[in-house]
Amino acid sequence: MTQLHPDPAPDFDQPVAVLKHCHGRIRKQLSTLENLLTHLPQHGADEQARQAAQAVLKYFDKAAHLHHDDEEQDLIPMLRAVAQGEDAATLQALAPTILQDHKDMDAMWQDLHEQLTAIADGSGTQLSASTVQRFSQRYLSHMEREESTMAPMAVRLFSPEQMAQLGQAMRQRRGIDSAGANAATASACEPAAKAIGERVADLRKDYGQASLDENGVDADPILQFTRWFEEALKAEVNEPNAMSVATVGADGRPSSRIVLVKQFDARGFTWYTNYDSQKGKQLAGKPFACLLFFWSELERQVRIEGTVERTSAEESDKYFNSRPLKSRLSAIASEQSAPIASRAALEHNYEETARQYGEAPPRPSNWGGFRLVPERIEFWQGRRSRFHDRIVYTRQEDGSWTRQRLQP
C-alpha cells in the first residue's frame, strides 16, 4: 500500500525539478489514501492499514507545508518580480487560486488527520470517502496548474542566479546546509533530521480510548480512584502503584521522585521511606505534597494534593515486617539521599548490617510511612486533539467533596 524506498531526489541546484519530484511523492501518498478506502472495509485497521496511515500522516504533517512555503514565500514573489506582459497577467490570475488552494487543502487535511491518527494507532477504522476524494482532487488539480504554468514560467524567466537563489531558499527551509552535506540522507521533500532535542517537539500521540463525564463519576473521589486503579490492574498497566511525589524545600524549590503507594483508603495515600531522606526532611519543614499517577496505557492521570502526616509506629512496624528480608536490611544499611564514596562502600554497609541483624532486623526509628490526606483530586482522561477531559474534586470544610469540570 506504501512504497518503502522513495525515488532518488534531484539536488537543489535544480529547484523546479525538486518541486516536480515532491509532486510525485504527493501523488503516491494520495494513492495510498485512496487504497485505504478500499482496504479498511475488508481488513479493518490491520498492520498494513496502520503503516499506510502512519506514512500519509508523516508526509503531510511534516512535508506539505514546505511545498506551500516554497511557493508562497519564494516562487510566486520571485515570479512577480520578473514577469511582464502576458506572463504578469497569467500570474495575477493564477496566484490567488494557488494561495486559496493551500488554505482549502490545509482545512481538508485537518478533517482527515484525526481519522488517520485513529487508524494509525488501531483505535478506529473510519475514513471519509468524500473528504479523501475532495482532498485528492484539489491536490491533483493544484499540482497540474503549477506544472503546466508556474514551473515553465520559472524555467523561461529565471536567470541561473535566480534559480540558485530559489534552490538556496528551499534548502534552508529544510535545514540542509549550503554545501548539501545532508542531501544524501535528507529527502528533498522533507525537513532534514533534527537534533533529538528539537525532534521532541514533533512527538505526538493523539488520545481517544475513553471519555470522562462529571455526571458519570462517583461522588466520592476515593471510590472513583479505586475504580480507576482496578481498571489499571485489569489492563496490566506497568507498575500501576507508581506515583510521583512532589515536595518543596525550605528554599521554596520543588523536587519530585517516583515512589510506590502502599495503601490508599478514606484516610489518604500512604508510602514508606527514610524520614532523613530529602523528601522526609522537606516534608518535616513543609508538610504538603502533590502525587501524580500516570497510566499511559489507559491515557489517564490522577493528581492529588494535600497535607502529609506520618503514619503511626504500629502501621510502620506492620509494613516494615511484611517486606522481604533484603529490603528490610537495605532500609537499615542506606542513609537515603546522603552521599557515599562508591557502590562498593554501599555494598559493604549492607553486608555489615546483614551480619549484625541476621534474619530479624528491627525497623529503624527514622524509617516509616507518610500519608497524604487529600484536599484536591483531579482525574484526567486523554482525548483527541488535546481536548482532554478533566474532573476535579475539592474537599470542603465539613469533609464533603465538590466536583467540577476543568478546561483542558
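Conventions used here
Residues numbered from 1 in each chain as written. Predicted model: local features only at pLDDT ≥ 70, side-chain atom pairs only at ≥ 80, totals over all residues. Heavy atoms only, no water. Helix = DSSP H or I, 4+ residues; strand = E, 2+ residues; numbered from the N terminus. Rg over C-alpha atoms; globule rule 2.2 N^0.38 Å. Buried < 20%, exposed > 50% of the residue type's maximum accessible area, 1.4 Å probe, protein only. Areas by Shrake-Rupley, 256 points an atom, 1.4 Å probe, with all protein chains shown as cover. Lys, Arg positive; Asp, Glu negative; His and termini not counted. Charge placed at Lys NZ, Arg CZ, Asp CG, Glu CD. Salt bridge = Lys/Arg side-chain N within 4 Å of Asp/Glu carboxyl O. Phe/Tyr/Trp six-rings, centres within 6.5 Å; stacked < 30°, edge-to-face > 60°. Lys NZ or Arg CZ within 6 Å of the ring centre and 35° of its normal. Core = buried A, V, L, I, M, F, W, Y, C linked by side-chain atoms within 4.5 Å. Contact = heavy atoms within 4.5 Å. Pairing = 2+ DSSP bridges. pLDDT = per-residue confidence, 0-100. Axes fitted to C-alpha atoms, helices over the stretch in contact; angles between N-to-C directions. Parallel < 35°, antiparallel > 145°, perpendicular 65-115°, else oblique. Nonpolar A, V, L, I, M, F, W, Y, C, P; charged D, E, K, R; others polar.

Trainee: Describe the overall build of the chain, with residues and values.
Mentor: Broken down by element type, the chain carries 12 helices and 9 strands. Relative to the 2.2 N^0.38 estimate, which gives 22 Å for 408 residues, the radius of gyration of the chain is 30 Å and therefore markedly larger than a compact globule would have. Of all 408 residues assigned to the chain, the portion counted as buried reaches 40%. Roughly 21700 Å² of accessible area belongs to the chain as shown, and the carbon and sulfur atoms make up 49% of that amount. Considering the chain, the positive charge centre built from 48 side chains and the negative charge centre built from 57 side chains are found 4 Å apart.

Trainee: I'd love a proper account of the pattern of salt bridges, names of residues and values included.
Mentor: With the rule as written, the count across this model stands at 25 salt bridges. Across the pair Arg-405 and Asp-389 runs a salt bridge whose closest N-O atoms are separated by 2.8 Å. Taken as a pair, Arg-405 in strand 9 (residues 401–406) and Asp-389 in strand 8 (residues 389–395) lie far apart in primary sequence, 16 residues in all. Residue Asp-389 is classed as buried on the basis of its relative accessible area of 6%. Where salt bridges share partners, they join Asp-265, Arg-267, Glu-309, Glu-315 and Arg-371 into one cluster.

Trainee: Quick rundown of the packing of aromatic side chains? Include the residues and the values.
Mentor: As enumerated under the stated definition, the model contains 24 aromatic pairs in all. Geometrically, the ring pair formed by Phe-60 and Tyr-139 is tilted, given 5.6 Å between the ring centres and 55° between the ring planes. Linking Phe-60 in helix 2 (residues 47–62) with Tyr-139 in helix 5 (residues 129–157), this pair joins segments that are 79 residues apart in sequence. By the burial criterion, Phe-60 is buried, and Tyr-139 matches it. By the ring-pair criterion, three or more aromatic residues cluster together here, those being Phe-225, Phe-229, Phe-264, Phe-269, Phe-293 and Trp-295. Lying across the ring of Tyr-275, Arg-310 places its NZ or CZ 3.7 Å from the centre.

Trainee: Give a description of the side chain of Gln-301 that names residues and reports values.
Mentor: Position of Gln-301 relative to the elements: it lies in strand 6 (residues 300–310). Assessed through its relative accessible area of 19%, Gln-301 is described here as buried.

Trainee: Quick rundown of the nonpolar core? Include the residues and the values.
Mentor: Burial of nonpolar side chains together is a common tendency in soluble globular proteins. With 52 residues, the main nonpolar core has Leu-33, Phe-60, Leu-116, Leu-127 and Phe-135 as its most contacted residues. Among the secondary structure elements, those contributing two or more residues to this core are helix 1 (15–43), helix 2, helix 3 (64–82), helix 4 (85–120), helix 5 and helix 6 (160–173). Aside from chain neighbours lying at most four places away, what touches Phe-135 is Leu-30, Leu-33, Phe-60, Met-105, Met-108, Trp-109 and Leu-112. Counting residues in each nonpolar core, the second largest holds 31 residues, with Ile-222, Val-237, Val-259 and Phe-379 among its members.

Trainee: Describe the pairing of strand 5 (residues 288–295), with residues and values.
Mentor: Only one face of strand 5 is buried: it carries Ala-289, Leu-291, Phe-293 and Trp-295, and the other face, with Phe-288, Cys-290, Leu-292 and Phe-294, is open. In this sheet, strand 5 lies alongside strand 1 (residues 242–248) in antiparallel orientation, the contact comprising 3 bridges. The residue bridging Ser-244 from the neighbouring strand is Leu-292, located in strand 5. Examined bridge by bridge, strand 5 and strand 6 share 8 bridges and lie antiparallel to one another. Bridged to Trp-295 within strand 6 is Arg-300. Two successive antiparallel strands, strand 5 and strand 6, enclose a turn made up of 4 residues, where Glu-299 displays a positive phi of approximately 60°.

Trainee: With reference to specific residues and values, describe the confidence of the model for the chain.
Mentor: Looking at the chain, pLDDT values average 90 and 92% of them are 70 or higher. Confidence drops under pLDDT 50 across residues 2–6; counting only partners more than four residues distant or on other chains, this segment forms 5 contacts.

Trainee: Tell me about the packing of helix 3 against helix 4, and name the residues and values.
Mentor: Here helix 3 crosses helix 4 at 170°, and the two axes come no closer than 11 Å. Considered as vectors, helix 3 and helix 4 are oriented roughly antiparallel to each other. Facing His-68, Glu-71, Glu-72, Ile-76, Leu-79 and Arg-80 of helix 3, the residues of helix 4 in contact are Leu-91, Ala-95, Ile-98, Leu-99, His-102, Met-105 and Asp-106. Taken together, the residues that form the contact of helix 3 with helix 4 break down as 7 nonpolar, 2 polar and 4 charged.

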